Amino acid sequence: MAYETITSEARGAVTLITLNRPEALNALNTTVLRELQEAFAAFEADDSQHCAVVTGSGDKAFAAGADIKEMVEKEPADFFLEDFFSGWNDMTAKIRKPWIAAVNGFALGGGCEVAMMADFIIASENAKFGQPEIKLGVAPGMGGSQRLTRAVGKAKAMDLCLTGRMMDAEEAERAGLVARVVPHDQLMDEAMKAAETIAGMPPMAAMINKELVDASFETTLQQGMLHERRLFQILTATQDKAEGMQAFVEKRAANWKGR
């Protein structure tokens, strides 16, 4: 499928999606949202694809934020009536397969929020994160105040949201926002390597592991432990469980069926 503001390509069992508005530092507008929704839906529906990587084109930005030019003349009532930004929060809500954000530069405002929607972030040493909406007289609207606080804690989230300052990759990793930081010229190799590792896992187990970690943010410890136990028990009935354990005993590579 041809896109205007993104590219999407299958590389083996990994789908690579690239935000492709380098002239606007990959700023996010309604066309980007629509095309990302289409690309994620295609990824989810394709049984040959087991993990995705999302990155930004060029060396400067993952996404430098929402497209302010699209919002500056919008009537206040229209933001409410259109439930503006809700589509971004819905974008990956039904994506059960894992995906990684490979952050190559600025991830600010909406760009930081999209990165935080990923299952985890791998950052270039040049990456910078922030929620600078306060400098425009507004606040995060795509989950920034909520996901950021869950990732880095109240103090750090308050600091970023109230001062609008940027956090570099090293600080982001220390704070728990980023899973790993890699040299800039190795970012895509490392992100694809991680995605290929995930894509090589039994698909149902990958989806359930993702679901369980996500559920830990929404449930009590006891409810989460029960959910974990039940899904573990469900996985024991799969063909891949039988194959994985037999392969382990026989000291050979497993042949996953996705069943």
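Data block above holds the structure.
Residues numbered from 1 in each chain as written. Predicted model: local features only at pLDDT ≥ 70, side-chain atom pairs only at ≥ 80, totals over all residues. Heavy atoms only, no water.

Enquirer: How do you make sense of the overall build of the chain when you look at a structure like this?
Expert: Each helix and strand in the chain was counted, giving 12 helices and 10 strands. On C-alpha atoms alone, the chain measures out to a radius of gyration of 19 Å, which is about the 18 Å that the 2.2 N^0.38 rule sets for 259 residues. Principal-axis analysis of the C-alpha atoms places the extent of the chain at approximately 65 × 45 × 40 Å. Out of the 259 residues belonging to the chain, those deemed buried represent 43%. Restricting the contact set of the chain to residue pairs at least 6 apart, pairs at least 24 apart contribute 67%. With the model as given, the accessible surface of the chain reaches about 13900 Å², and the carbon-plus-sulfur share is 55%. Averaging the coordinates of the 27 positive side-chain charges in the chain and doing the same for the 37 negative ones gives two points 6 Å apart. (Helix = DSSP H or I, 4+ residues; strand = E, 2+ residues; numbered from the N terminus. Rg over C-alpha atoms; globule rule 2.2 N^0.38 Å. Buried < 20%, exposed > 50% of the residue type's maximum accessible area, 1.4 Å probe, protein only. Contact = heavy atoms within 4.5 Å. Areas by Shrake-Rupley, 256 points an atom, 1.4 Å probe, with all protein chains shown as cover. Lys, Arg positive; Asp, Glu negative; His and termini not counted. Charge placed at Lys NZ, Arg CZ, Asp CG, Glu CD.)

Enquirer: Please explain the state of the cysteines as it appears in this structure.
Expert: One covalent bond between the sulfur atoms of two cysteine residues makes up a disulfide. In this structure the tally under the stated criterion is zero disulfides. A disulfide-free cysteine, Cys 112 has its sulfur positioned 8.8 Å from the sulfur of Cys 161, the nearest such atom. The exposure class of Cys 112 is buried, given its relative accessible area of 1%. (Disulfide = S-S within 2.5 Å.)

Enquirer: Explain the pattern of salt bridges here, please?
Expert: Scanning all chains against the criterion turns up 12 salt bridges. Taking the shortest distance from any N to any O, the salt bridge between Arg 252 and Glu 250 comes out at 2.6 Å. Via salt bridges that share partners, Lys 156, Asp 159, Arg 165 and Glu 171 belong to a single interconnected network. (Salt bridge = Lys/Arg side-chain N within 4 Å of Asp/Glu carboxyl O.)

Enquirer: Sorry, what's going on with the sheet that holds strand 5 (residues 99–103) here?
Expert: Paired through backbone hydrogen bonds, the strands of a sheet run either parallel or antiparallel to each other. If you trace the six strands from one edge of the open sheet to the other, you get 1-2-3-5-7-10, paired in mixed fashion. Both outer strands of the open sheet, strand 1 (6–11) and strand 10 (180–182), are each paired with one neighbouring strand and no more. Neighbour-to-neighbour, the strand axes of this sheet turn through a mean angle of 20 degrees, independent of strand direction. Judged from the six bridges that link them, strand 2 (residues 14–19) and strand 3 (residues 51–56) form a sheet pairing that is parallel. Paired with Val 14 across the two strands is Cys 51, which belongs to strand 3. (Pairing = 2+ DSSP bridges. Axes fitted to C-alpha atoms, helices over the stretch in contact; angles between N-to-C directions.)

Enquirer: Can you help me understand unusual backbone geometry in this one?
Expert: If a residue is not glycine, its phi is most likely negative; likewise, a peptide bond is most likely trans. Located in the positive-phi region is Asp 83, a residue other than glycine, with phi close to 50 degrees. As for its placement among the helices and strands, Asp 83 is situated in the loop between helix 3 (76–81) and helix 4 (86–90). Looking at Asp 83, the relative accessible area reads 47%, which means it is partly exposed. Although it is not a glycine, Lys 251 adopts a positive phi angle of roughly 55 degrees. Inspection of the secondary structure assignment puts Lys 251 in the segment after helix 12 (239–250).

Enquirer: In this structure, what is going on with the environment of Ala 175? I would like to understand it.
Expert: Relative to the helices and strands, Ala 175 resides in helix 8 (residues 169–175). Through-space distance from the C-alpha of Ala 175 to that of Ala 151 is 7.7 Å; in sequence the pair is 24 residues apart. Not counting residues up to four positions away in its chain, the partners in contact with Ala 175 are Ala 151, Val 152, Lys 156 and Met 167.

Enquirer: What exactly am I supposed to notice about the pairing of strand 5 here?
Expert: On a regular strand, each side chain points to the face opposite its neighbour's, so the side chains alternate between the two faces of the sheet. For strand 5, the buried fraction is high: five of the five residues fall into the buried class. The side-chain alternation of strand 5 yields two buried faces, one formed by Trp 99, Ala 101 and Val 103 and the other by Ile 100 and Ala 102. In this sheet, strand 5 lies alongside strand 3 in parallel orientation, the contact comprising four bridges. If you follow Val 54 over to strand 5, its bridge partner there is Ala 101.

Enquirer: Explain the sheet that holds strand 4 (residues 61–63) to me, please; I cannot follow it from the model alone.
Expert: What the four strands build is an open sheet, ordered 4-6-8-9; its pairing is mixed. At either end of the open sheet lies a strand with only one pairing partner, and these are strand 4 and strand 9 (167–168). Two strands pair when backbone bridges link them, and strand 8 (residues 128–130) and strand 9 are joined in this way by two bridges, in the antiparallel orientation. From the neighbouring strand, Lys 128 faces strand 9, where its bridge partner is Asp 168.

Enquirer: Quick question: what am I supposed to make of a nonpolar patch on the surface here?
Expert: On the surface, a cluster of nonpolar side chains totalling about 380 Å² of accessible area is made up of Ile 68, Val 72, Leu 136 and Val 138. With respect to the helices and strands, the residue Leu 136 is situated in the loop between strand 8 and helix 6 (144–152). With a relative accessible area of 56%, Leu 136 lands in the exposed category. (Patch = residues over 30% accessible without salt bridge, like charges linked within 9 Å, V, L, I, M, F, W, Y side chains within 5 Å.)

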